[in-house]
Amino acid sequence: MADDTLPTGGTTGANGHDPHVPGHGDDTTERRHISRKTVLKAALLAVPLPALLGGGVALARDHRPADAPLPPTPYCDDGDEPTPPQIEGPYFKPSSPERSSLLEPGMRGTRLTVAGFVFGPTCRPVAHALLDFWQADNAGAYDNRGYRLRGHQYTDERGAFTLTTIVPGLYPGRTRHLHVKVQAPGGPLLTTQLYFPGEPRNQTDSLFDPRLLMTVRQAGPAKEAAFDFVVNPGVPGAARGR
Ligand SMILES: [Fe+2]
């Protein structure tokens, strides 16, 4: 059972802050993302903004009087910070199968979906971006002989992805996490990890970074998580890369 935990050069420790918008660690950043990335997502998904925001956050533009002039088209600047990297740990294996569901018959654990977008630094969605996930099973063990709970996929034309899997188990020294590598076509490879809010071990795992918290909600017996990545772009016209 393994421990990819060594706290060497780890990122900041937990501070107990669980932002409502994934990947953002402070209120200022959160507001900025609501006004830009979330607006873009609403356009991509063709859904009302309040639906994306869970109904809990309203933008000023939603409250304008009926006769007020329309607000300017939402502007997407280059203020997004790339998703922070994290150590790979000892259990990555290349050549995982291409699949968006890691579920297999008889697999124990709580079903989990993780959905989101891959954006470039100018807030544009990245189509055909690679996402390669690997994780521990329900008991906290990695499959280092085969490819159980390992798989890669590509974002669609809207830059969207969905992973279907189980909630990873805990193992000594680490809080609950998923591993992932993300790469825009022809771009540099980002290796990082995703975390779950409300986990007691977030407070003690020196690798934990609140900027990498997913939003997670209970959906019946399953959990639905969301996270958006911001990656550095590839070279225009480059071939799809792994
Ligand atoms: Fe791990």
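Everything numeric here is computed off the predicted structure, so don't read it as measured data.

A. Broad picture of the overall build of the chain. Scanning the chain from N- to C-terminus turns up 3 helices and 9 strands. Listing every helix and strand of the chain by position from the N terminus yields α-α-α-β-β-β-β-β-β-β-β-β. Sequence separation of 24 or more characterises 75% of the internal contacts of the chain that already satisfy a separation of 6 or more.

B. Quick look at the sheet that holds strand β5 (residues 177–183). Ordered by their spatial adjacency, 4 strands build an open sheet running β3-β2-β5-β6, and the pairing between neighbours is antiparallel. Each having just a single partner strand, β3 (150–154) and β6 (190–195) make up the two edges of the open sheet. Going from strand to strand, the sheet's axes swing by 25° on average, the running direction of each strand aside. As paired elements, β5 and β6 share 6 bridges and run antiparallel to each other. Counted as the bridge partner of lysine 181 is threonine 191 from β6.

C. Just the pairing of β6, in detail. β6 sits mainly inside the fold: 5 of its 6 residues count as buried. If you look at the hairpin formed by β5 and β6, you'll find 6 residues sitting between the two strands, and glycine 186 has a positive phi there, around 75°.

D. A look at the nonpolar core. Counting 36 residues, the largest nonpolar core has Val118, Ala129, Val182, Met214 and Val231 as its most contacted members. Within the residue set of this core, elements represented by two or more residues are β1 (111–119), β2 (130–134), β4 (160–166), β5, β6 and β9 (229–230). Here this core gets 5 residues from one element, more than from any other, and that element is β1. Filtering out sequence-adjacent residues up to four positions away, valine 118 remains in contact with Pro125, Val126, Ala129, Thr155, Gly159, Phe161, Val182, Phe229 and Val231.

E. Unusual backbone geometry, seen in detail. In this model, serine 95 sits at a positive phi of 65°, which is unusual for a non-glycine residue. Tracing the sequence through the fold places serine 95 in the loop between α3 (49–52) and β1. Note on serine 95: 9 C-beta atoms within 10 Å, which makes it exposed. Despite not being glycine, histidine 128 shows a phi value in the positive range, around 60°.

The rules we used
- Residue indices begin from 1 for each chain and proceed along its sequence in written order.
- Note on the predicted model: pLDDT of at least 70 is required for a residue's local features to be given, and 80 or more for side-chain atom pairs to be given and counted; whole-chain, interface and lining totals, by contrast, use all residues.
- Secondary structure elements are taken from DSSP: a helix is a run of H or I of four residues or more, a strand is a run of E of two residues or more, and numbering for both begins at the N terminus.
- Two residues qualify as being in contact provided that their C-beta atoms, derived from the backbone, are within 7 Å of each other.
- Strands pair, by our definition, only if DSSP identifies at least two bridges between them.
- Only the contacting stretch of a helix is used when fitting its axis, a line to C-alpha atoms as for every element, and angles between N-to-C directions run 0 to 180 degrees.
- Remark: C-beta atoms are placed from the backbone, and a residue is labelled buried if 20 or more other C-beta atoms sit within 10 Å of its own, exposed if 12 or fewer do, or partly exposed between those counts.
- In this description, a nonpolar core means buried residues of the types Ala, Val, Leu, Ile, Met, Phe, Trp, Tyr and Cys, linked to one another by C-beta atoms lying within 7 Å.

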